[in-house]
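# Structural features, examined
Next come the chains, spelled out residue by residue.
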Amino acid sequence: MPELPEVEVVRRGLENWITGRTVETAEVFHPRAVRRHQGGPGDFIDRLTGRTLTMPRRRGKYLWIPLAETGEAMLAHLGMSGQLLVGEPDQPHEKHLRARVTFADGGLDLRFVDQRTFGHLMVDALVPDAFAPAALVLDGGTADASDAGTDRTPAGSTADTHNGGTAGAADAGRPQVPLSVAHIAPDPFEESFAEERFFRALRRRDTGIKRALLDQSLISGVGNIYADEALWRARLPWARSTGTLTRAEVGRVLAAARAVMGAALEVGGTSFDSLYVNVNGESGYFDRSLQAYGRRDEPCARCGTPIRRDVFMNRSSYSCPKCQPKPRHPAR
DNA sequence: CATCGACCCTGCGGGC
DNA sequence: TGCCCGCAGGGTCGAT
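Residues numbered from 1 in each chain as written. Chains lettered and ligands numbered in written order. Predicted model: local features only at pLDDT ≥ 70, side-chain atom pairs only at ≥ 80, totals over all residues.

### Points about the environment of V277
For V277, the position within the fold is in the loop between α6 (247-266) and β10 (308-312). On the neighbour-count criterion, V277 (23 C-beta atoms within 10 Å) is buried. In this structure, the C-alpha to C-alpha distance between V277 and I307, residues 30 residues apart in sequence, is 27 Å. Excluding its chain neighbours within four sequence positions, the residues that come into contact with V277 are Q83, S271, E282 and S283. (Helix = DSSP H or I, 4+ residues; strand = E, 2+ residues; numbered from the N terminus. Buried ≥ 20, exposed ≤ 12 C-beta atoms within 10 Å, placed from the backbone. Contact = placed C-beta atoms within 7 Å.)

### As for the packing of helix α3 (residues 195-204) against α6
It is at 10 Å that the axes of α3 and α6 come closest, and there the two elements cross at 115°. When you trace α3 past α6, the crossing you get is right-handed. Contacts from E195, F198, F199 and L202 in α3 reach R247, V250 and L254 in α6. The class makeup of the residues in the contact of α3 with α6 is five nonpolar, no polar and two charged. (Axes fitted to C-alpha atoms, helices over the stretch in contact; angles between N-to-C directions. Left-handed = near helix turned anticlockwise from the far one by under 90°. Nonpolar A, V, L, I, M, F, W, Y, C, P; charged D, E, K, R; others polar.)

### Here's the deal with the sheet that holds strand β7 (residues 109-114)
Strand order in the open sheet made by the four strands is β1-β6-β7-β5, with antiparallel pairing throughout. The sheet terminates laterally at β1 (23-28) and β5 (82-87), the two strands that pair on one side only. Between one strand axis and the next, the sheet turns by 15° as a mean value, whatever way the strands run. Here strand β6 (residues 97-103) runs beside β7; their pairing, made up of four bridges, is antiparallel. The residue bridging L97 from the neighbouring strand is V113, located in β7. In the packing of helix α2 (residues 40-48) onto the sheet, contacts are made with β1 and β6, and the angle to β1 comes to roughly 165°. (Pairing = 2+ DSSP bridges.)

Below is the structure:
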């Protein structure tokens, strides 16, 4: 369940079902599922076995579960088709079951199911979060001091999901992220998301606004669906050059992104089919509320003009040709 | 350094 | 029926 709301739905499910439980066994059924884990499947299994899982965390589309007292976390990225499911241990294996964790209490197990295998699991070291506001860093880290106090609207209830769990005494209270997530920018619901930094990064670039929204090193959590929805709400065309955006326009698209992702989260995310489900296998309902994505030739909810579909970055972009008029000097 | 296309996979629905 | 094509919400990597 690729984008931020769907991953947050999964995180909340895991928080409810696996926090505080101790791993009895870990199994890997397809090596590609742990291809990014240094050391291979055997080492992945060794690092999980016997460990106690703490509160699941998330940044953008990345999800991780700090392991108590190890300085490491189990990291998951769902890719295009990954699912994290809880189920009875004696349940038959799903067709695309790639890995499984069972627990010492004998209760529900945790399964990673992934049809296309673009997703992955790994055990990764936790490192200080370089994006943390300076005020939160106790020992004078590398965070940009200009981030502190930046105007921001922490909508939704996901703002506390970015802290690492098991900081050592010297780093007490300092936010941590897995090493593999260190290059990923905060998502727009995080305390550490700095709107001014985002604006300046956009102005420095020479690219289109949609490409920038999908660039997880600038802003994380936004994917193809919510990028189209946010741009439709903000009345900006996907090809609009980032170099000419005003603060007001960037504010509009950020507010739209938060609003649309927040609304999606409230109804369990967007599910077109059974590929995108929560940890109990249930679908979300936000597909009924989409105003642009997937609505080719249907009337725009604002002006009635048929929604158009363009191919961009080898994927679909949906927009209203009237509400989101093509820029005169579009970026690539 | 910034940017962009190729590539990684499986399955589904539509056209022929 | 079967085959082929386009399409699917992801990120990484190498070439430029």
